[in-house]
Structure formats: structure tokens, C-alpha cells
Amino acid sequence: MSPEPRLSPFGERRYNAWNDYVKARHGGRVQKVSVEAGFTCPNRDGLLGTGGCTFCNNAGFTPGYLDRRQSIGTQIDNGLDFLRRRYPRTRHHIAYFQSYTNTYGEFDRLRACYDEALAHPEISGLAIGTRPDCLPDQVLDYLAELAREHIIELEIGVESCNDIALHRVNRGHDFAASADAIRRAAARGLEVSAHLILGLPGESTASMLDGARQLSALPLRGLKLHQLELVRGTALAREWQADPATVQLLGEDEYISLLADFLERLSPDLLLQRLGSEVPPNLKLAPHWNLRLYELAPRISAELARRDTWQGCRYRPASPHA
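Source: prediction; values computed, not measured.

*Asks:* Quick question: what am I supposed to make of the packing of aromatic side chains here?
*Replies:* Each aromatic ring pair is described using two quantities: the centre-to-centre distance and the angle formed by the ring planes. Here the structure, examined in full by the defined rule, presents four aromatic pairs. Ring geometry for W18 versus Y21: centroids 5.7 Å apart, planes at 55°, classification tilted. Within this pair, W18 and its partner Y21 are both found in helix 1 (residues 18-26), separated by three residues, close to a single helical turn. Across the pair, Y21 and W18 agree in class, each one buried. Measuring from ring centre to ring centre gives 5.6 Å for Y255 and W289, while their planes differ by 40°; the resulting arrangement is tilted. Of this pair, Y255 sits in helix 9 (residues 252-265) while W289 sits in the loop between strand 9 (284-286) and helix 10 (293-307), placing them 34 residues apart in sequence. By relative accessible area, W289 is classed as buried at 14%. Sitting above the plane of the Y87 ring, R29 keeps its charged end 4.0 Å from the centroid. For the cation-ring pair, K32 lies above Y96, with the distance from its terminal atom to the ring centre recorded as 4.8 Å.

Right under this line is the structure:
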């Protein structure tokens, strides 16, 4: 008989789940209500470049209830109508500034948008998606001030820890910018989550796994992982259509194996918000998996159980004197 699997520190899930932490801290589910404030990005408007990241089409992750022509308060009302039916037991709702770079603009305009969202009687805080090179100290100071009375989650698009891959997708910043932004935000007591895409062109298996080490060395609270998906209308999709050999896409079994390898090397203290992504079928060009997003978490738990491993089992903290 084969031996019984060892008990993981995280139970049957075998990784450190963000939702479990949030429910324990805030007394129940915290649900994000997406809002569109009309921001752009510095690699779109010409400050750093044009065209944006080659993988990005915001329609791929923008809820259908959003209409940027409406006020932030009206968008929140519409989102709440939708989310109450889907998640009736939610304890808190927070406004999610998700599309593009939501700390990029004049400070007075940013503050007005945040304040309008927080003025809604059913909003308990903010989640703000942004880039690492668009986080001036003035904005971080203001978010830290808001965090004294509200739930504030800062989501920074790191996307890769490999500068070659970042350049390849026209990101417009390097990994050093991400590390600096994360440290400055965390020093103010802000809870910071990083977004990371596995499978970008210019990456190797070794560089992606080394990303687990690099992120674990930073004062992050959470991590959102995404597999590379090609979205119609993006430069990367057109590049793949012209020559599929230029963009190597991960199959579902390959991704699950890579993800297990990654989690084994990741600090056990880092909370996992997402393990993958799912672009709407009408916008997704490739890859085509026989796997829905809700099936991914049990699949990765099963793979870790098969290996008799868990998040952090191969993690080695960096020496403070290194």
C-alpha cells in the first residue's frame, strides 16, 4: 500500500487562499464591484509609448454591467444589483477600479473618483488596479490615509519578473520598478497584491519558477496568477496568427504542472487570490482548454496531493545577509 499523503498546512486545498483570510478578517465574503473611471495608461497615451501591452484588451475582463458613461455611483448601483443575486451572503462590497491604470492622472481627479466611490453607502473600501511606475508618494500617502477607516487593496500589475518578457510585451517598465513600488506601498501599511502572467513570450520555465523566489522576497500580501490567453484585437494575438511559433501557449495539463511547481517554491505566507483567468469565449482566440476556471482550483489541489506537496514546501527564504 502507498503511504497516506502528509497533512498540508492548508488542509485539502494545499495552498494559502485569499478568500479564507478575507472572510476571517472581515467577518464574511468581501465582493468587488467593478467601476470604470475612464483612466488610460502611459504606454497607451504616448508618455512611454503607444498601443499598450501587447496582450491587453480590457474588454476581456470587464463586466457586462459597466458603462463608463455613467457616474461611478450609478455603476456601483448596477453592479450591486447584479452581484446581490449571485453572492447574496456577501458581508462587504468594495469598489474595484480595474480597467487600465487607476493611479495614473492628476491627483485631484484620482481623489475625487476614490471619494465618490467611498461615498456610496454600501461600499466599504476600494481595490485599485495599477502599474508599478504610476504610484507617486502622494497617491500612496492618500491610500494609506484611507486605509485607516476603509478596506484598501492595492493591485499592482507586475506581470513578469523577467525584464526580457516585460520588454517583449511592451510593458514599459522593468521588474525593479515593481519591487520598488511594492516596498514603498507596504512601508505605508498597505496590503499589496501582485498580478503575474505565466507563459509570456520571452519567458522560460526556469525564469517563471525563479519569479516565485523573487516575489516571495517582497512584502506582498497576495498574488493573482493568470495563464497567457490570446484576446482578439490585441497585438500579441495578431502576432500569433501571423506566426504561431512566435508565441508558445501552455496546454491545460502543462499549466497545472507549472503552477504546482511555482506554488511549491512560493512563500507559504503569500495569499493566492487567483490561480488562473478566463476570457469570454467571443473574445478568446487561444488556447482552447477543456477546463473552466472554477475547475482549476480543485485540479491544482489534486495535483499537489498527488505529489504529496503544498505551497511553500520547496521555499527557501533568502538569507538576510545575502
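*Asks:* What is the right way to read the nonpolar core from this model?
*Replies:* Generally speaking, a soluble globular protein has its nonpolar side chains buried in company with each other. Counting 68 residues, the largest nonpolar core has F97, L126, L215, L223, F262 and L263 as the members making the most contacts within it. Considering every element that reaches this core, the biggest residue donor is helix 9, with seven residues. If we skip the residues at most four places from it in the chain, L126 touches I94, A95, F97, Y114, A117, L118, L146, I151, I152 and E153. V169, L228, L236 and A237 belong to the second-largest nonpolar core, a separate cluster that totals 14 residues.

*Asks:* Looking at this structure, how should I read the sheet that holds strand 4 (residues 151-159)?
*Replies:* Strands pair in a sheet through their backbones, by hydrogen bonds, and they do so in one of two ways: parallel or antiparallel. Taken together, the seven strands give an open sheet; going across it, the order is 1-2-3-4-5-6-8, and neighbouring strands pair in parallel fashion. Two strands lie at the open edges of the sheet, namely strand 1 (30-35) and strand 8 (271-274), each paired on one side alone. Between one strand axis and the next, the sheet turns by 25° as a mean value, whatever way the strands run. In the packing of helix 2 (residues 72-86) onto the sheet, contacts are made with strand 1 and strand 2 (92-97), and the angle to strand 1 comes to roughly 135°. Helix 9 rests against strand 5 (191-198), strand 6 (222-227) and strand 8 of the sheet, and its axis sits at about 160° to strand 6.

Parameters and conventions
Along each chain, residues carry numbers from 1 onward, in the same order as the chain's sequence is written. Local features in this predicted model are restricted to residues whose pLDDT is 70 or higher, and side-chain atom pairs enter the listing and the counts only when it is 80 or higher, whereas totals over whole chains, interfaces and linings include all residues. Water and hydrogen atoms play no part in the side-chain values, which are based on all heavy atoms of the structure. Only Phe, Tyr and Trp rings are paired, with Trp represented by its six-membered ring, and only when their centres lie within 6.5 Å; those with planes under 30 degrees apart are stacked, over 60 edge-to-face, the remainder tilted. Comment: elements are numbered from the N terminus, with helices defined as DSSP H or I runs of at least four residues and strands as E runs of at least two. Relative accessibility thresholds used throughout: buried, under 20% of the residue-type maximum; exposed, over 50%; partly exposed, between the two (1.4 Å probe, protein chains only). Criterion for a charge above a ring: Lys NZ or Arg CZ within 6 Å of the ring centre, and within 35 degrees of the ring normal. Nonpolar core, defined: a set of buried Ala, Val, Leu, Ile, Met, Phe, Trp, Tyr and Cys residues in which side-chain atoms within 4.5 Å join the residues together. The contact definition used throughout considers only heavy atoms, calling two residues in contact when any of these lie within 4.5 Å. Paired strands are those between which DSSP finds at least two bridges. Only the contacting stretch of a helix is used when fitting its axis, a line to C-alpha atoms as for every element, and angles between N-to-C directions run 0 to 180 degrees.

Shape is all these values report; function is a separate question.
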